[in-house]
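So the chains spell out like this:
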Amino acid sequence: MNRFHGIELNPATAAFLAAPRKMLIGGEWVDDLSGATLPVIDPASGEAFCHVPAGESADVDHAVQAARRAFESGEWPRHRPVDRERLLLRLADLLEANAQEFAELEALDNGKPVTMARHVDVALSVDFIRYMAGWATKIEGATMELSAPLVRDREFFGFTRREPVGVVGAIIPWNFPLLMAVWKVAPALAAGCTMILKPAEDTPLTALRLGELAIEAGYPAGVLNVLTGLGHTAGAALAAHPGINKVAFTGSTEVGKLVGKAAMENMTRVSLELGGKSPVIVLDDVDPAVAAAGAAQAIFFNQGQVCTAGSRLYVHRSRFDAVVEQLAGIADGMKIGPGIDPSTQIGPLVSKVQQNRVLDYVRSGLSEGARAAAGGAGGDGPGCFVKPTVLVDVHEDMRVVREEIFGPVVVAQPFEDLDDIARRANDTPYGLAASIWSNDLARVHRLIPRIQAGTVWVNCHNIIESVMPFGGFKQSGIGREAGRSALELYTEPKSVIMML
Ligand code: NAD
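About the cut-offs
Residues numbered from 1 in each chain as written. Predicted model: local features only at pLDDT ≥ 70, side-chain atom pairs only at ≥ 80, totals over all residues. Heavy atoms only, no water. Helix = DSSP H or I, 4+ residues; strand = E, 2+ residues; numbered from the N terminus. Rg over C-alpha atoms; globule rule 2.2 N^0.38 Å. Buried < 20%, exposed > 50% of the residue type's maximum accessible area, 1.4 Å probe, protein only. Contact = heavy atoms within 4.5 Å. Areas by Shrake-Rupley, 256 points an atom, 1.4 Å probe, with all protein chains shown as cover. Lys, Arg positive; Asp, Glu negative; His and termini not counted. Charge placed at Lys NZ, Arg CZ, Asp CG, Glu CD. Pairing = 2+ DSSP bridges. Right-handed = clockwise from strand over helix to strand, strands pointing away. Axes fitted to C-alpha atoms, helices over the stretch in contact; angles between N-to-C directions. Parallel < 35°, antiparallel > 145°, perpendicular 65-115°, else oblique. Left-handed = near helix turned anticlockwise from the far one by under 90°. Nonpolar A, V, L, I, M, F, W, Y, C, P; charged D, E, K, R; others polar. Core = buried A, V, L, I, M, F, W, Y, C linked by side-chain atoms within 4.5 Å. Salt bridge = Lys/Arg side-chain N within 4 Å of Asp/Glu carboxyl O.

**Details of the overall build of the protein**
So, step 1. When helices and strands are tallied, the protein shows 16 helices and 24 strands.
So, step 2. By the compact-globule yardstick of 23 Å for 500 residues, the protein fits well, its C-alpha radius of gyration being 24 Å.
So, step 3. Over its C-alpha atoms, taken along the principal directions, the protein stretches across nearly 75 × 65 × 40 Å.
So, step 4. Counting every position in the protein, which comprises 500 residues, the buried fraction comes to 58%.
So, step 5. Taking as baseline every contact in the protein between residues at least 6 positions apart, the subset at least 24 positions apart corresponds to 73%.
So, step 6. Surface exposure of the protein reaches about 19700 Å², of which carbon and sulfur atoms provide 54%.
So, step 7. Of the side chains in the protein, 46 bear a positive and 58 a negative charge, and the two mean positions are spaced by 4 Å.

The following block contains the structure:
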């Protein structure tokens with residue numbers, strides 16, 4: 001298994017794929033208790049190229065017990081903040097040293113272009129772990145001067161501590177398998193938590209390889225457990241498990257609601273990073289070529305399988321035709337191919353299910369009167385390809401305008417003025433992100449507070465930064481990952497009041 005689509009794999013990638021894949025529980029590599037497995041499919045060919053254990057609720061129990069033991073006893077609780085920082089830095093170094101292998105695994109498993117996997121997914125993951133390592137030594141409480149109005153003849157002293165929340169269940173999606181895992185693993189381990197990480201069933205490989213690196217870095221047994229399995233079995237069992245203190249979920253809004261309800265039964269802390277339908281807003285002072293290049297990057301990056309994808313393009317009426325024409329030209333010129341080929345710009349979608357879902361949306365838009373200025377169809381052959389698609393002549397109540405498609409499909413519409421665009425940008429249940437394109441600072445500043453979104457980009461889109469809080473308004477989620485806020489998700493404040 002050294003060559004895929006005519007490309008020779010790095011020997012380390014080939015060696016990883018040749019070995020039987022097991023789950024990491026309590027520091028041991030184990031099969032699932034029933035012996036069942038799930039195929040891992042190359043979305044560029046539709047063929048299975050390895051198998052992973054199909055963990056179920058008994059395996060989840062086993063993993064929760066291991067993580068609980070590691071949290072409460074043994075070596076991990078004795079790790080000081082500086083030790084936790086050093087371990088994370090070691091993990092980042094190991095990931096960087098194995099960057100090509102991780103990029104190739106991600107390209108084969110998810111379909112994304114290998115060059116992007118290396119320079120985006122792996123590079124951002126290394127950066128993020130290093131950034132979070134620094135927080136391990138900067139978790140602080142505060143001291144308070146107390147008044148104690150009912151006990152006026154005594155003095156009091158008050159302070160707060162932030163303590164690790166405990167055992168974390170992390171459930172992640174398939175679009176950025178490594179990066180989304182690292183967004184949860186790094187702050188949780190920085191805070192002193194232990195974790196059960198469940199990758200998406202479509203893309204389990206880099207999470208398993210990350211588990212190997214965690215052992216190599218020196219994490220004690222049970223601190224990081226990696227459990228593969230289906231969402232409605234393993235994922236649901238994890239979300240509902242009473243031995244978990246926090247569930248950290250990234251995925252669709254539909255499943256996020258189920259996970260949130262299951263967690264609430266046990267009052268388990270929960271953070272949800274969910275879907276989006278983010279607007280790209282081009283004002284009338286922007287060069288159409290700049291706007292078209294920006295809009296293309298906003299929607300076609302990662303085949304459009306990005307929670308913040310700029311899937312609704314709004315261009316001021318005076319520039320609409322020029323921007324759409326150039327965007328369609330970019331879409332038509334993109335090189336489609338297997339992700340493992342370094343010259344590929346648009347890889348396959350992650351699975352047949354996702355390809356069919358996206359193509360159904362395109363067909364529904366076309367049948368309701370939309371026109372494809374570019375794309376509008378799948379690719380040839382057995383791979384899960386969808387051509388980069390630009391739909392025009394759409395109206396606000398079409399499904400393609402209202403629902404998250406999660407593929408390389410943008411709907412483009414003209415707008416009239418700031419009031420019109422502020423209303424239409426917010427006319428969605430989602431509120432994850434938006435971008436505004438203009439050099440007219442006064443209008444940009446007037447628009448920013450009117451946009452209901454967790455992130456607003458100006459003259460860029462999909463720029464992700466370790467230091468900035470990331471998350472959604474409305475049905476795009478609850479909580480903020482990245483930045484200082486990430487630490488708040490994995491710690492509990494404790495108030496201490498002392499009578500002197
Ligand atoms: P998904 O909701 O289908 O699956 C996400 C994870 O949940 C997977 O690990 C899956 O196995 C698990 N799961 C499925 N059913 C479950 C259940 N009943 N109980 C518990 N777990 C279950 O999402 P997806 O298709 O993998 O990812 C795409 C979605 O993720 C999109 O909606 C996208 O916008 C969103 N996303 C959001 C962000 C963000 O930060 N806001 C980032 C990436 C992706």
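**Description of the environment of K257**
So, step 1. One can find K257 in helix 9 (residues 253-265).
So, step 2. Judged by its relative accessible area of 43%, K257 is partly exposed.
So, step 3. Between the C-alpha atoms of K257 and A58, which are 199 residues apart in sequence, the distance is 24 Å.

**Considerations on the pairing of strand 9 (residues 167-171)**
Each regular strand carries side chains that alternate between the two faces of the sheet.
So, step 1. Most of strand 9 sits inside the fold, with five of its five residues counted as buried.
So, step 2. Residues V167, G169 and I171 point to one face of strand 9 and V168 and A170 to the other, with burial holding for every one of them.
So, step 3. Taken together, the five bridges between strand 9 and strand 10 (residues 194-198) define a ladder with parallel strand orientation. The partner of G169 across the bridge, within strand 10, is I196.
So, step 4. In this fold, strand 9 hands off to helix 6 (residues 177-191), which returns the chain to strand 10; that crossover is right-handed.

**Here's the deal with the packing of helix 3 (residues 81-97) against helix 7 (residues 205-217)**
So, step 1. Where helix 3 contacts helix 7, the two axes come as close as 9 Å, and the packing angle between them is 130°. Between helix 3 and helix 7, the angle is such that the two are oblique. Crossing angle aside, the handedness with which helix 3 passes helix 7 is right-handed. Residues L87, R90, L91, L94 and L95 of helix 3 form the contact with helix 7, whose own contacting residues are L210, L213, A214, E216 and A217.
So, step 2. Classifying every residue of the contact of helix 3 with helix 7 gives eight nonpolar, no polar and two charged.

**Brief notes about the nonpolar core**
In globular proteins that are soluble, nonpolar side chains generally tend to be buried together.
So, step 1. Within the largest apolar cluster, 106 residues are counted, with the highest numbers of intra-cluster contacts made by L17, L197, Y219 and L313.
So, step 2. A total of 12 residues in this core trace back to one element, the largest contributor, which is helix 6.
So, step 3. Filtering out sequence-adjacent residues up to four positions away, L197 remains in contact with A170, I172, A181, V185, A207, L224, N225, V226 and L227.
So, step 4. In terms of nonpolar packing, the next biggest core, distinct from the first, is built from 24 residues, I25, V64, V247 and A263 among them.

**So, the pattern of salt bridges**
So, step 1. One pass over the structure, following the stated rule, counts 29 salt bridges.
So, step 2. Residues R450 and D419 are paired through a salt bridge, measuring 3.0 Å at the closest nitrogen-oxygen approach. With R450 in the loop between helix 15 (441-447) and strand 21 (455-458) and D419 in helix 14 (residues 418-425), the pair connects residues that are 31 residues apart, well separated along the chain.
So, step 3. Here R443 ties to D440 by a salt bridge, and the two come within 2.7 Å at their closest N and O atoms.

**Quick word on the sheet that holds strand 24 (residues 491-499)**
So, step 1. Within the open sheet, the three strands sit side by side as 7-8-24. Their pairing is antiparallel. The outermost strands of the open sheet, each flanked by one partner alone, are strand 7 (143-145) and strand 24. Direction aside, the axes of adjacent strands within the sheet are offset by 25° on average.
So, step 2. Of the pairings in the sheet, the one linking strand 8 (residues 156-164) to strand 24 comprises nine bridges and is antiparallel in character. Within strand 24, the position partnered with T160 by the bridge is S495.

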